[in-house]
Every structure is written in structure tokens, then in C-alpha cells.
Amino acid sequence: MSAAEAGLMACGHCGQIMEHRDGPIACPRCGGSVRPRKPASLSRTWALLLTAIILYVPANLLPIMETSSLLVTSRDTIIGGVVYFWHSGSPGLAALIFSVSILVPVLKMCILAILALTVQFGWPLDRRQCITLFHVIEFVGRWSMLDVFVVALMVGLVRFKGLAVIEAGPGAIAFGLVVALTMLATHSFDPRLIWDSPRRALG
Amino acid sequence: MNHLCACPHCDALHRRPALRRGEKALCVRCGSVLVRRHRLAPDHILALVVAAVMVFAIANAFPIVDLRIQGLRGGTTLSGAVAALWSEGRQPMAMLVCATTQVFPLLDLGCMLALLLTASRPGRPAWFGPLLRFVQEMRPWGMVEVFMLGVVVSLVKLSGMATILPGKALLAFALLTVLMAAILSFHPHQLWNEPEHE
């Protein structure tokens, strides 16, 4: 039996159980505002997720790093960095960067969209697997910041006036925002909604 | 109603289990972790937090690496890298890096220090609840371990074009990553259910 069915609700901050109310009330133990479910969970998730998906286009098309040395200026996109590592004899690093910068963000946005659609339309997916997927995207989301940190370090490290300078490209900002937005979208999604849907109450 | 607890992921109602140190309880309905109790006592975590604050200071004060290209020397501290981003007009990115690698981890350590120092005493101050909620909200945004991986990737990337000498901060960051991992595995949430005297 769920807490909601028992006429109870839990504080999302400290876990304290109290009687179910529709409006927000202050938790008697920690003082936090308590509601039975996260407010406007689905619409917030959708808004953040769609913004992230739109920003993901410039994040991949614009350069994340601009290297200028005496002779040449080169612009690297995310996929360009992967190709560079692959050809320069570090396939392991190429695979790592491919996973955290391309695979993880795309999978994360897909999974979140599937979970939100499942709640919205009552898709008959296995609920336990949905929760597992939710834990996975919660855990891996932050690792996508890797490329942003690499660019920041390169910019800070390589400052040789007249010889070589590395600058951050606009793609890096877009990509950083994609990671932040998908993290916020995951946070605003309430996984308890997966179990609430009345259509699958027996399943 | 203190004998009950609800799964934060599926809302299933359970009788609150009595856990020994190092044990965790799983939700019978969705399989998520329902409650956990850390292997270490809050006092031990407090010691780790104090150590991490000192290592954090070292990690930010010294250069991460020294770089040499054809007689020219370069090197940067973490704040130097943030300043370089800022000065070239990438303020949003500078703020993102500064927040995730400096501000949030330091806030996390500071808050944990305050929480752990007061948790063992009878009667908790009025700010205990709000501070605990604050730590839980901002915790996902501290990314010291991701940054550490970023350092490794950058070094490999630069190793082809320059001579690299590891700086003092590199070791400190490695140590900080380990300490943070241990501290972050202690969810402040469990302070609510920690018996006050044992």
C-alpha cells in the first residue's frame, strides 16, 4: 500500500510521515514544505527537457574550443575531440569522452522523455524497470560536465602569448547548460507518479 | 507516526526498519534504497570533513600542473582557470565551473561541519532543519570527482605538445576526490534517525 492510499504523506526532505493534505504544509520535524507529490512535476520536467533538447543542437554544432597557435587556428566540436583522441592513439579516452558527452546526454534525454510519456499517457511499461532507469539517469547525469571542465582547464593552462592560446567556444556554454538543464529536469520529475497511474493499478 | 516510512521513489508504506551501522533497507515494491545507515558514526564523518576542508584549501591554493613549451612556462590554479574564462568573455561558463568545483563543494563541507557538530547534542538549533534541506538540494551540483577526471583528460591531451610537471594541487585534488566520495556516501538525511546517544 502506498502512503497516499493510506491517507498519509512523507516529507521529501526528512522522511517524516504525516496526514495527507492537498495544500502544502510545514513539516513538523524539519520545517520544510511538504506536498503529497512534487508540484507541477510533469510540466516542469517537460519544459526543462525540451529546452535542453533544443540547446543540444548548438552544443554539438558550435565549437567548444578554439586553439590558435603561430600558424593555424583550429576549432574543435565535441565530436571533433572524440575523433582527435581516436586518431592520436588514445581510443580509451575517445570512448570515455564519447560516452559522457554524447551517449549519456542523449540517453538521459530519451529516458526522461520515455518516463514522462509513461506517466502522461499511462504506457504499460514495467514500473520497476522505470525506477531503475530513473536511478541510472540520476547517477550518470553529472559526469557529462567532463568536457566543460576539460575546456576550462585547457583555457587556463595554455596561455602563451604569441605562441598558443586556447579559448572556450560558444558550444561549451550551450553544452554546460544542457547538462545543467537535464539535471534540473531529472530533479523535478517525481518518480512516484509512475506508480500512481490508475490505469495500471493492478499491474 | 515515527514507526512508519514511505519509499521516496514509489511511495510504498513500510514499517521503519531498525538498522545497524553499514546496513540498508530496500523497498519491497520498487527495489530502491529505502533507508540506509552509514558504516561510520557521525563523529568519524566529522573527522573526514575537517580533513577535506584542509585538503580543499591546498587544492585551490597551488597550481594543478606546470607546463613547459619551448622554454616558456605556464601553469594554472583552479581559480586561475576560472579567471581566464571570465576575462575572455565566457562569464556563464566561468560561473558554472566556479560553482560546481569550488562554491558548492565548499558549501557542502561547511554545512556538513555545522550539522555534524550539532547533531550529537540533545536539542537541535532552529537552523538545523533548513540547513539540512539546503545541503540535500545543492549536493548534486558539487562535482569534484568529475573535475578530477577532467584534469586527467586535459593532461593526456596536453602531453603531446608540452612537458608537464604535476603541481602540488594535483595530489590534493586526488585526495579530495577520495575524501569527498566517503563524505558524500553519508546522506545527511540519516541524521534525523540517528539515535542521539549510543
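Note: the structure precedes this text.
This section reports on the structure supplied with the text. (Residues numbered from 1 in each chain as written. Chains lettered and ligands numbered in written order. Predicted model: local features only at pLDDT ≥ 70, side-chain atom pairs only at ≥ 80, totals over all residues. Heavy atoms only, no water.)

Let's shift gears to helix α5 (residues 144-158) of chain B. All names here are of chain B. With 15 residues, α5 ought to run about 21 Å at 1.5 Å a step, and its terminal C-alpha atoms sit 21 Å apart, in line with that. Within α5, eleven of the 15 residues are buried, which leaves it mostly tucked inside the rest of the structure. When α5 is considered as a whole, its buried residues turn out to be Val144, Val146, Phe147, Met148, Gly150, Val151, Val153, Ser154, Leu155, Lys157 and Leu158. (Helix = DSSP H or I, 4+ residues; strand = E, 2+ residues; numbered from the N terminus. Expected span 1.5 Å × (residues − 1). Buried < 20%, exposed > 50% of the residue type's maximum accessible area, 1.4 Å probe, protein only.)

With that settled, the discussion passes to unusual backbone geometry. Not every positive phi belongs to a glycine, and A:Ala40 is a case in point at roughly 50 degrees. Judged by relative accessible area, which is 44%, A:Ala40 ranks as partly exposed.

Moving on to the pairing of strand β4 (residues 33-36) of chain B. Residues and elements named next belong to chain B. Bridge count for strand β3 (residues 24-26) against β4 is three bridges, and the pairing is antiparallel. The residue of β4 that forms the bridge with Ala25 is Val35. The loop that links β3 with its antiparallel partner β4 comprises six residues; one of these, Gly31, has a positive phi angle of about 85 degrees. (Pairing = 2+ DSSP bridges.)

All names here are of chain A. Residue position: Cys130 is located in helix α4 (residues 127-140). Note on Cys130: relative accessible area 3%, which makes it buried. Each C-alpha atom, one on Cys130 and one on Pro191, is 8.6 Å from the other, the two residues being 61 residues apart in sequence. Not counting residues up to four positions away in its chain, the partners in contact with Cys130 are Leu115, Thr118, Leu125 and Ile194. (Contact = heavy atoms within 4.5 Å.)

It is worth stressing that arrangement in space is one thing and function is another; only the former is reported here.
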